[in-house]
Amino acid sequence: MNPENPPTTTPADTASGSWQPVKTKGGCLGSVTKFLFFAVLFVALLLPFTPFAGKIKRGLQQLIESARATKERIVEKEVTRDVVKEVPVTKEVIKEVIKEVQPPLPDKYIPRKEVDVAKLFNGITVKTNLITEEGGFASLERLDPEAYKAEFQLSIRVPKANQTLPELARINSHLPKILPGLEAMLATAKVSGFYHKLYQSKTTRVQNDLTRLNRILDRHNYYDCETILELTHPATQRRALLVQSEMDVVADGSDGDRMPTLDEYIYLSDYYQPTTSYAWPKVTKTPNPLVARWEERLAKAKEEYAVKGLSTARNRELQALIQDLTVQISEMKARSFLIAEKDPFVVISLLFRGYEDQNKHTPRIGDYACVIHEGKIYPAICGDYGPSFKMGEASMLMSKTINPKSTPYIRGESDLKVTYLFFPGTADKPNTAPNLAKWRERCQQFLTDIGGIGAGYELHTWADPFAKPAEAPGPVVPPASPAAPATPGAPIPPPAADQTQEETKKAAPAKAPAAGVNTKK
């Protein structure tokens, strides 16, 4: 039998019952299939150990993540769809689209004039008038100063001065009664040129500040003076300058001789100055209470000034500060000054300085003055100068006497109800420390020269602010009960612990008078 040709089973053999398996001849396709199977198996076993395994792995991971992300986006869309369904459609419509519609653009330039009226913080009513007109090209207009400009027009009514007795009494009804000689002096009185110069100074300041867009005087401080009258008594020829104004507060001044300490709230207040125009030589070695503090300020200013790289403006400020502090320290070491908290004085405007030879009614530092408020009259002196554009200011003592609520920031009187009566040319020379009793006596004399004080009124008497409080009286010792007469020669008992020396003397037996001595008084 040939092994390559196996026997086949014929139908006859099958029918006879002797069955044998029939083997078919293998083809080419089967061999190829087997080869491919073993090749794939070989590659699968060998692939994990080749560089291509990592790439294949990463590719499979990306396919998996992409499938997951696709699923998540599908979920988000479903959630978003649900939220949109929950929001009412009407809320979407409430957002009116009309507000987004802009007005139609102009097709040409239209000139206009607009007026706006407002009221500033200082009480001034401001009316602005904007006028526009069509011009040339912007590159040319920006070179023309007339193309973009502002023209300010501030309207101010300058007040009229009081002159007659009824007009003066309108401010203070007590005035004709307090000064019975006032009516006689008004017959020849005139409105002082200082009144007109005051409002000229105010107006000039307003214009300068307005031009530079600085803060200008408010309504209150512009109208701070009712009148300034030059008075002369027809009989005595005593001159007086009458001013009706308000009362601002000054807290300046220091004096180590009389007050070696000073409250902090005073010298830390705004605009405080340790000196006053009225001053006199120091008489003690007690230093001014502010010298040490001012020297500290001077040292700090010099230290900052030594720093390099400061701006030019800051260097100028420091130079001025160093100069001022140096002068003030020198003055505080050599002189004493009024103390606004303790001394009754008034402040006169710098407007008056330099006119003594031109106008005989000009008040000067050291001149006596009287302050009249309602039904009271107070003696004082001219102790300091104030701004040239203001009128009506007094020391804190004077202000607090008129208004107990007054502070360095609260006026003694805000209305124009205060009458200042200056007596020019009455200053005593040389300047000395305040003598309140003398000040009152001198003011009383000058008031007498212009007609005196009316019945029912009197000049105020200032208490000495530096007077030491009177010592409280000691305990009253009851008189000792009469003791039995001592036996001659018996010893004197010692005094009790609370018995005074005087009582001990009284308790001792009196010596017998010598012969010939008269004991009668």
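Quick note: structure is the one above.
Here's what I pulled together on the structure shown here. Here the structure is a predicted model, which is why all the values come from computation and not from measurement. (Residues numbered from 1 in each chain as written. Predicted model: local features only at pLDDT ≥ 70, side-chain atom pairs only at ≥ 80, totals over all residues. Heavy atoms only, no water.)

**Looking at helix α12 (residues 291–305)**
Working step 1: Over its 15 residues, α12 extends 21 Å from the first C-alpha to the last, a length consistent with the 21 Å expected when each residue adds 1.5 Å.
Working step 2: Buried residues of α12: V291, W294, L298 and A301, and no others. Taken down its axis, α12 places every buried residue within 85 degrees of arc, on the same side. Exposed residues lying more than 90 degrees from the buried face of α12 are K300 and E303.
Working step 3: Contact partners of the buried residues in α12: α13 (312–334). (Helix = DSSP H or I, 4+ residues; strand = E, 2+ residues; numbered from the N terminus. Expected span 1.5 Å × (residues − 1). Buried < 20%, exposed > 50% of the residue type's maximum accessible area, 1.4 Å probe, protein only. Arc of directions from axis to C-beta. Contact = heavy atoms within 4.5 Å.)

**Overview of the nonpolar core**
Working step 1: With 89 residues, the main nonpolar core has L182, L231, V346, V371, L421, F422 and L447 as its most contacted residues.
Working step 2: Broken down by element, the residue count for this core peaks at 7 residues, all from strand β5 (residues 239–250).
Working step 3: In contact with L231, not counting residues within four places along its chain, are L182, M185, L186, A189, R238, R239, A240, L242, H361 and L421. (Core = buried A, V, L, I, M, F, W, Y, C linked by side-chain atoms within 4.5 Å.)

**Things to note about a positive patch on the surface**
Working step 1: On the surface, R239, K360, R364 and K429 cluster together to form a positively charged patch.
Working step 2: If you trace the backbone, R239 turns up in strand β5. (Patch = residues over 30% accessible without salt bridge, like charges linked within 9 Å, V, L, I, M, F, W, Y side chains within 5 Å. Areas by Shrake-Rupley, 256 points an atom, 1.4 Å probe, with all protein chains shown as cover. Salt bridge = Lys/Arg side-chain N within 4 Å of Asp/Glu carboxyl O. Lys, Arg positive; Asp, Glu negative; His and termini not counted. Charge placed at Lys NZ, Arg CZ, Asp CG, Glu CD.)

**Examining the environment of D252**
Working step 1: Looking at the secondary structure, you find D252 in the loop between β5 and α11 (264–267).
Working step 2: Given the relative accessible area of 10%, D252 is considered buried.
Working step 3: As a C-alpha pair, D252 and Y272 span 20 residues in sequence and 5.4 Å in three-dimensional space.
Working step 4: In contact with D252, not counting residues within four places along its chain, are Y271, Y272, Q273, T275, T276, L338, I339, A340 and D384.

**Side note on the environment of E303**
Working step 1: Inspection of the secondary structure assignment puts E303 in helix α12.
Working step 2: You can call E303 exposed: its relative accessible area is 58%.

**Some remarks on the pattern of salt bridges**
Working step 1: Using the criterion set out here, one finds 17 salt bridges in the structure.
Working step 2: Here R238 makes a salt bridge to D449, at a shortest N to O gap of 3.3 Å. In this pair, R238 sits in the loop between β4 (225–232) and β5 while D449 sits in helix α15 (residues 436–449), placing the two residues 211 residues apart along the sequence.
Working step 3: When its relative accessible area of 18% is taken as the criterion, D449 is described as buried.
Working step 4: Linking R411 and E246 is a salt bridge whose minimum nitrogen-to-oxygen distance equals 3.8 Å. Remark: E246 occurs in strand β5 and R411 occurs in the loop between α14 (396–402) and β12 (413–423); sequence separation between them is 165 residues.
Working step 5: Residue classification places E246 among the buried residues on the basis of a relative accessible area of 1%.
Working step 6: The network of salt bridges with shared partners includes E246, D248, K390 and R411.

**Some thoughts on α13**
Working step 1: Here α13 is 23 residues long and its end C-alpha atoms lie 34 Å apart, about the 33 Å a rise of 1.5 Å per residue gives.
Working step 2: What α13 keeps buried is the set L318, I322, L325, Q328, I329 and M332.
Working step 3: Buried-residue contacts for α13 involve α12 and β7 (335–337).

Functional significance is not addressed by these values, which are geometric in nature.
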